[in-house]
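Topology and contacts: notes
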Amino acid sequence: MIHAANDVRDLCRRALAGGLLEEADLVTLLSARGDAAEVLFAAAREVRARRFGAVVFLYGFVYFSTYCRNECAFCFYRVDNDESPRYRKSLDEVVSICRDLAGSGVVLLDLTMGEDPVIHDDPGYAGLLELVAAVCDGGGLPVMVSPGVVPDEVLAGLRACGADWYALYQETHSPELYERLRTGQSFAARIAARRAARRAGLLVEDGILTGIGDTEADRARSIAAMREAAWEQVRVMTFVPQVGTPLADVRPAADEAELLAIAAMRLAMPRSLIPASLDVDGIRGLERRLNAGANVVTSIVPPIVGLAGVSQAELDIDEGRRTVAEVLPHLARLGLRSGTVTEYRAWLAAAHEGVEVPA
Ligand code: SF4
């Protein structure tokens, strides 16, 4: 059902006044179109401005191993896809890439890998921990690690090495849809891993995929679940069909559902960081996502070093369009600015303490 701007305006007012949005209210927001959608985006920007001022944090992304043992239906890097480029960067290469990224002005280094069997079959995950420790020591920036599902003691090890964040996306919080997307992987184990990460002292990012058979009700359920868990960072990304996968022929969705979900998350979870990913639509899609209430730019990738993106393996990377220098003019045009490392560290410290940083 398409909702009139007045319904949406009432819900936005309630959220701006600190009221709770029920799951049915979230469905209403996620169904907004036209003027109603603009009302929602404006409210999301207002919430962002109140909580974060004009500050947007820029994250560097290093996809250091594209090997994976899993068969996610949506993923270019699923184990049986011969079309995807496979590489595994050495520790020295990763440290050097991270140094360059740090010098370019990002405030966080996101170390991402598939569930690489070489790393996951290594007892104690010594190789992963060594790599994360080297980046934490050498990069001078906070670190996020996205290694897939790992044992609890490895999460504690990541924190001990100096990592601040663990990212693990559920993709959907509807079990039936999950089974079709993350084929052969436990729904409960993924949830348990995020909880274990929090117990280990890590901040946590969860995320969802849209344009993949999900409905407004599925997305509302996900937003409610992520709010209940109070994850410090939450994201939504539009599915991009990938060659060599079972979903290669799915018609790509526009980004409307993603933008509405960003805005609904901003209203439902005003304290959380919400990324605008360059990995879906490249630099051209950035302003739309920021205008929907995002306050982080992720997937900044250094050009020329042969690194891939996740859902867009090559988009804008070698052309150098996923860089800090390319992002800054877009922020300026929207009256936003990139946050400094000091500001980001202050936010992290408060998040670890469970308190709020004033904008
Ligand atoms: S989404 Fe992650 S876990 Fe799934 S196949 Fe792709 S790289 Fe592997």
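What counts, and at which threshold
Counting restarts for each chain: residues are numbered from 1 in the order of the written sequence. With pLDDT at 70 or above as the cut-off, local features in this predicted model cover only qualifying residues; side-chain atom pairs require 80 or more to be listed or tallied, and sums for whole chains, interfaces and linings still use all residues. Note that water and hydrogens are dropped before the side-chain values are worked out from all heavy atoms of the structure. Only the six-membered ring of Trp is used, alongside the rings of Phe and Tyr, when aromatic pairs are assigned; centres must lie within 6.5 Å, and planes under 30 degrees apart are stacked while those over 60 apart are edge-to-face, with the rest tilted. Here a strand is any run of E in DSSP of at least two residues, a helix any run of H or I of at least four, and the numbering for each starts at the N terminus. Partly exposed residues are those whose accessible area sits between 20% and 50% of the maximum for their type, while under 20% is buried and over 50% is exposed, using a 1.4 Å probe and protein chains only. We call two residues contacting when some pair of their heavy atoms lies within 4.5 Å. Only a single heavy atom is needed: when it lies within 4 Å of a molecule or strand, its residue is near that molecule or strand. Throughout, the ten residues Ala, Val, Leu, Ile, Met, Phe, Trp, Tyr, Cys and Pro are labelled nonpolar, Asp, Glu, Lys and Arg are labelled charged, and all others, Gly among them, are labelled polar. Throughout this description, the term salt bridge denotes a Lys or Arg side-chain nitrogen within 4 Å of a carboxyl oxygen of Asp or Glu.

The full count for this structure, using the stated rule, is seven aromatic pairs. Between Y63 and Y77, the ring centres sit 5.0 Å apart and the planes meet at 85 degrees, which makes this aromatic pair edge-to-face. Here Y63, found in strand β1 (residues 55-65), pairs with Y77, found in the loop between β1 and α4 (91-104); they are 14 residues apart in sequence, far enough to count as distant. For Y63, a relative accessible area of 3% translates into the label buried. We classify Y77 as buried; its relative accessible area is 1%. When the ring of W165 is compared with that of W347, the centres are 6.1 Å apart and the planes differ by 10 degrees; the resulting orientation is stacked. Separated by 182 residues along the polypeptide, W165 in strand β4 (residues 165-167) and W347 in helix α15 (residues 341-353) bring together distant segments of the chain. Among the aromatic residues, ring-to-ring pairing joins F61, Y63, F76 and Y77 into one connected group.

Before going further, it helps to examine the environment of A15. With respect to the element layout, A15 can be found in helix α1 (residues 5-16). Sequence spacing of A15 and A268 is 253 residues, and the spatial spacing of their C-alpha atoms is 7.2 Å. When neighbours within four sequence positions are excluded, A15 is seen to be in contact with L21 and L267.

Take the site of the ligand next. With respect to spatial proximity, the complete set of residues near the ligand consists of Y63, C68, N70, C72, F74, C75, R78, G114 and R182. Classifying every residue of the shell around the ligand by side-chain character gives five nonpolar, two polar and two charged.

Looking now at the environment of G139. By the element assignment, G139 lies in helix α6 (residues 126-139). Given the relative accessible area of 13%, G139 is considered buried. Once the C-alpha coordinates of G139 and G184 are considered, the two residues, 45 residues apart in sequence, prove to be 36 Å apart. Look past the residues within four positions of G139 in its chain and what remains in contact with it is A102, L109 and A134.

A word on helix α2 (residues 23-30). Within the sequence span of α2, burial applies to D25, L26, T28, L29 and L30. Looking at the buried residues of α2, the elements they touch are α1, α3 (34-52), α10 (216-229) and α11 (256-268).

A few words now on the pattern of salt bridges. Two side chains of opposite charge can pair, provided their charged atoms sit close to one another. Tallied over the full model, the rule gives 22 salt bridges. In this structure, R288 and D255 form a salt bridge, with 2.6 Å as the shortest nitrogen-oxygen distance. Pair noted here: R288 is in helix α13 (residues 286-291) and D255 is in the loop between β6 (233-238) and α11, with a separation of 33 residues, a long-range link. The class for R288 is partly exposed, based on a relative accessible area of 43%. Here R289 makes a salt bridge to D255, at a shortest N to O gap of 3.7 Å. Note that R289 is positioned in helix α13 and D255 in the loop between β6 and α11, a separation of 34 residues in sequence. The exposure class of D255 is buried, given its relative accessible area of 11%.

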